[in-house]
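Examination of the molecular architecture
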Amino acid sequence: MNLNDYDDDDSGTILRVAIADDHKLLADAVSSMLGGDEGFETSCCYDLESLLKLLGRDKFDIVLLDLRMPGMSGLDSVAQVVRAARDGHVVLFTGQVDRHVLDKAIELGVRGLIAKTMPLRSLGSIIELICSGQIFVPVGADFPGSMTDVENKHGLTDKELYVLRRAANGMTNKEIARDMGATEVIVKMHMRAICKKLGARNRAHAAIISRERSLL
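Fair warning: this is a prediction, and the values are worked out from it, not measured in the lab.

Turning our attention to the overall build of the protein. In terms of regular secondary structure, the protein is built from nine helices and five strands. The helix and strand sequence of the protein, counted from the amino end, reads β-α-β-α-β-α-β-α-β-α-α-α-α-α. For the protein, buried positions account for 46% of its 216 residues. A separation threshold of at least 6 residues defines the contact pool for the protein, and within that pool the share at least 24 residues apart is 61%. Accessible surface for the protein amounts to roughly 11,000 Å². Of this, 47% is attributable to carbon and sulfur atoms.

Summed over all chains, the structure comprises zero aromatic pairs. The ring of Tyr46 is capped by Lys24, whose NZ or CZ atom sits 4.9 Å from the centre of that ring. Over the ring of Tyr162 we find Arg166, and its NZ or CZ is 3.7 Å from the ring centre.

What follows deals with the pattern of salt bridges. Under the defined criterion, the tally for this structure stands at seven salt bridges. With a closest N to O distance of 3.1 Å, Glu41 and Arg16 form a salt bridge. A residue pair is termed long-range when its members are at least 10 positions apart, and Glu41 in strand 2 (residues 40-45) and Arg16 in strand 1 (residues 15-20) qualify at 25 residues. The partly exposed category is assigned to Arg16, whose relative accessible area is 22%. Residue Lys197 is joined to Glu160 by a salt bridge in which the shortest nitrogen-to-oxygen separation is 2.9 Å. Residue Lys197 is found in helix 8 (residues 184-198), and its partner Glu160 is found in helix 6 (residues 158-168); the two are separated by 37 residues along the sequence. Through salt bridges with shared partners, a single network forms among Asp21, Asp66 and Lys116.

Along helix 2 (residues 48-57), the positions that sit buried rather than exposed are Leu48, Leu51, Leu54 and Leu55. Taken down its axis, helix 2 places every buried residue within 125 degrees of arc, on the same side. For helix 2, the exposed residues set more than 90 degrees away from the buried face come down to Glu49, Gly56 and Arg57. Taken together, the buried residues of helix 2 touch strand 1, strand 2, strand 3 (62-65) and helix 3 (75-85). Taking the backbone nitrogen of Glu49 as reference, a side-chain oxygen 3.2 Å away marks Asp47 as the first, capping residue of helix 2.

Attention now goes to the side chain of His89. As for its position among the elements, His89 is in strand 4 (residues 89-94). A residue is classified by how much of its surface remains accessible, and His89, at 19% relative accessible area, is buried. Leave out the neighbours within four places in its chain, and His89 touches Asp61, Ile62, Val63, Arg111, Ile130 and Cys131.

The rules behind these values
- Residues numbered from 1 in each chain as written.
- Predicted model: local features only at pLDDT ≥ 70, side-chain atom pairs only at ≥ 80, totals over all residues.
- Heavy atoms only, no water.
- Helix = DSSP H or I, 4+ residues; strand = E, 2+ residues; numbered from the N terminus.
- Buried < 20%, exposed > 50% of the residue type's maximum accessible area, 1.4 Å probe, protein only.
- Contact = heavy atoms within 4.5 Å.
- Areas by Shrake-Rupley, 256 points an atom, 1.4 Å probe, with all protein chains shown as cover.
- Phe/Tyr/Trp six-rings, centres within 6.5 Å; stacked < 30°, edge-to-face > 60°.
- Lys NZ or Arg CZ within 6 Å of the ring centre and 35° of its normal.
- Salt bridge = Lys/Arg side-chain N within 4 Å of Asp/Glu carboxyl O.
- Arc of directions from axis to C-beta.
- Polar contact = N/O pair within 3.5 Å; in protein donor to acceptor, adjacent residues only side chain to side chain.

Written out as structure tokens, the structure is:
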């Protein structure tokens, strides 16, 4: 399944992406990867001052913002970038971030987090998802105590078991997403994977199978 399945944007739309990161090799790699897709147009800058000048000149759909590049001073700088981006979607683009900082950033208008450890091939779909109006916050290993994505002996990952247990207890996708700090789209993706792995017709059937196999 592809995240594009949930994207309602016109397939002919060009999304303009500003990549703000002082790691030039990474920024240029992201720019090159996205630039190879006709659906994206990219610009790179490597410090806060350059980013603000860029946003003052041009309008971007997405701003990938590194929290630790030169000129950044925490949430105050994040708020400054959100204002400068106007209608654009600002997304934290980082290796690690404290969950409290992320929550505060979202309150300021940030549209989520894209981890630098995420495979580059997934980036385009996630950007399109955010542009469709979703806030993207993965359950990632960079958060202390977070779940891993390693499959157990039943073929389910920790994240999938987390979703399955809560679905079996009657929680809705919206409630599970809030509990995980993720989006409903991510929960739906996990549920589809769970049903496929268990051979279940739907979430209720998956709950029955998981109890029969003592997964819960």
